[in-house]
Amino acid sequence: MNTESLSFKYELEKKEPRTNDGGTTRGASVKDFPASIGIAGVSMRLQPGSMRELHWHANAAEWAYVISGTVRTTIIHPDGHSYTDNFEPGDVWYFPKGYGHSIQATGTEECHFILIFDNGNFSEDHTFSVTDFVSSVPPEIVAQNLNLTLEEVAALPQKEAYFAAGIVPDELSSIALARPEESDIALTSFHRYPLHAQQPRIIPGGGLQRLVTSKEFPISSTMSGSILELQPGALREMHWHPNADEWQYFISGQAEMSVFLAESTCVTEQFNAGDVGYVPMGAGHYIKNTGDTVCKVLIGFNSGHYESIDLSEWLAGNPKDVVETNFGLKEGEIEKFPTEKVFIKPAK
């Protein structure tokens, strides 16, 4: 296999954005990022009051993570129930495939969030938007459906709006929904999970991980995700995921990742903030912080169940003579190997 033609890195934030009415979006589908066959992603920014209009995705579920700012979403279910939620940095949402929804920035500053879709062929340019739908059918149908005159229909948008600039919602709007009284659900809702509020898994000197799966967030049946923070020089050890592809957005810092594809094929990439990485299901890989600050990575998986096989745990689970024979170790060398799962290895 010719590794020169392979790349598991895409410089998403350097892509020319789609911009209008207070919104900016940069997307990476398999068309832009050929290695990313199972997952697509979008970096979106909204100015206060700006809205990603009512729309739906026919071929992918949507999992999102808020990096900065505040935002509210609305969503309609096939049973007729609608839900409105408010999000802050570190929060996650999930919308099933085909459910209509909107996204609007609610604070006094720009809101930045990352959208991850469980289909590499997804594209924001082929999303079904409500203004596009209404403006594409005969005006007589719209007038009958919405109880409008033809003159009123003519005043509606005559093409897809995509972004719509509006006022910032206040306490008089539906953004001020009453919080449930039950303390055990006060921080969560059907479509919102506060990932940053989760107690992280901490490796002293190495870093931490916050992970949300369908176990913690039941609506997210097809996707799971995590935030990984690596200290300078720390290594998320060699591992692979037997049940899912992995899509990464590097929020801060610098890192190196190698993707092992069998038959002596290994591709090594260097990442900076704003870059996207991808690992096919079952491919071995690691992530190492190569900078002098914390490296923070958002990671999405196209499975609601998280599974990982880490090299240290695998080798430690074998009889010593099996590992010695496999690697041709000299006497005593096996004692240097980890005896339990490492997960994140601090810098030497």
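Residues numbered from 1 in each chain as written. Predicted model: local features only at pLDDT ≥ 70, side-chain atom pairs only at ≥ 80, totals over all residues. Heavy atoms only, no water.

- An unreviewed UniProt entry lists the protein chain under the name Cupin domain-containing protein, with Chryseobacterium muglaense given as the organism.

### Some remarks on the overall build of the protein chain
No. 1: When helices and strands are counted, the protein chain shows five helices and 26 strands.
No. 2: The C-alpha radius of gyration of the protein chain comes to 23 Å, within 12% of the 20 Å expected for a compact globule of 348 residues.
No. 3: If you line up the protein chain on its principal axes, its C-alpha atoms span 90 × 50 × 35 Å.
No. 4: The 348 residues of the protein chain split such that 47% are buried.
No. 5: Put simply, 76% of the contacts in the protein chain that link residues at least 6 apart link residues at least 24 apart.
No. 6: With the model as given, the accessible surface of the protein chain reaches about 17300 Å², and the carbon-plus-sulfur share is 54%.
No. 7: For the protein chain, the centre of its 25 positive side-chain charges and the centre of its 46 negative side-chain charges are spaced 6 Å apart. (Helix = DSSP H or I, 4+ residues; strand = E, 2+ residues; numbered from the N terminus. Rg over C-alpha atoms; globule rule 2.2 N^0.38 Å. Buried < 20%, exposed > 50% of the residue type's maximum accessible area, 1.4 Å probe, protein only. Contact = heavy atoms within 4.5 Å. Areas by Shrake-Rupley, 256 points an atom, 1.4 Å probe, with all protein chains shown as cover. Lys, Arg positive; Asp, Glu negative; His and termini not counted. Charge placed at Lys NZ, Arg CZ, Asp CG, Glu CD.)

### Some points on the pattern of salt bridges
No. 1: This model, assessed by the stated rule, comprises twelve salt bridges.
No. 2: One salt bridge connects lysine 15 with aspartate 32, and the closest N-O pair in it is separated by 3.4 Å. Pair noted here: lysine 15 is in the loop between strand E1 (9-10) and strand E2 (18-20) and aspartate 32 is in the loop between strand E3 (23-28) and strand E4 (40-46), with a separation of 17 residues, a long-range link.
No. 3: Overall, the relative accessible area of 25% leaves lysine 15 in the partly exposed class.
No. 4: Judged by relative accessible area, which is 29%, aspartate 32 ranks as partly exposed. (Salt bridge = Lys/Arg side-chain N within 4 Å of Asp/Glu carboxyl O.)

### A word on the UniProt feature "binding site: Mn(2+) 1" (unreviewed entry) in the protein chain
No. 1: Mapped onto the present numbering, the UniProt feature "binding site: Mn(2+) 1" (unreviewed entry) falls on His55, His57, Glu62 and His101. In summary, the annotated positions, though distributed over 47 residues, converge in three dimensions, the widest C-alpha pair being only 11.9 Å.
No. 2: Along the chain, histidine 55 turns up in strand E5 (residues 51-56).
No. 3: Take histidine 55: its relative accessible area is 2%, and that puts it in the buried class. (UniProt positions renumbered as here; feature names shortened; annotations may be inferred.)

### Focus: the packing of aromatic side chains
Given two aromatic rings, their pairing is described by the distance between the two centres and the angle made by the two planes.
No. 1: Within the structure shown, the criterion is met by 15 aromatic pairs.
No. 2: Considering the side-chain rings of tryptophan 93 and phenylalanine 95, the 5.9 Å spacing of their centres and the 25° angle between planes classify their relative orientation as stacked.
No. 3: Exposure remark for phenylalanine 95: the relative accessible area of 1% places this residue in the buried category.
No. 4: Note on tryptophan 93 and phenylalanine 113: the rings are 5.4 Å apart at their centroids and 55° apart in plane angle, and the pair reads as tilted. With a gap of 20 residues between them, tryptophan 93 in strand E9 (residues 91-95) and phenylalanine 113 in strand E11 (residues 111-117) connect regions that are remote in the sequence. Across this residue pair, the class does not change: tryptophan 93 and phenylalanine 113 are buried. (Phe/Tyr/Trp six-rings, centres within 6.5 Å; stacked < 30°, edge-to-face > 60°.)

### Thoughts on the sheet that holds strand E19 (residues 246-252)
No. 1: Judged by pairing direction, the sheet is antiparallel, and its seven strands sit side by side in the order E1-E22-E19-E24-E17-E16-E15 without closing on themselves. Two strands lie at the open edges of the sheet, namely E1 and strand E15 (201-203), each paired on one side alone.
No. 2: In the sheet, strand E17 (residues 224-230) pairs with strand E24 (residues 295-301) via seven bridges, with the strands oriented antiparallel. Bridge assignment links serine 224 to a residue of E24, and that residue is phenylalanine 301. (Pairing = 2+ DSSP bridges.)

### Considerations on the side chain of serine 258
No. 1: Looking at the element boundaries, serine 258 is found in strand E20 (residues 254-260).
No. 2: Among the polar contacts made by the side chain of serine 258, one reaches the side chain of threonine 268 at a distance of 2.5 Å.
No. 3: Separated by 2.8 Å, the side chains of serine 258 and tyrosine 286 make a polar contact. (Polar contact = N/O pair within 3.5 Å; in protein donor to acceptor, adjacent residues only side chain to side chain.)

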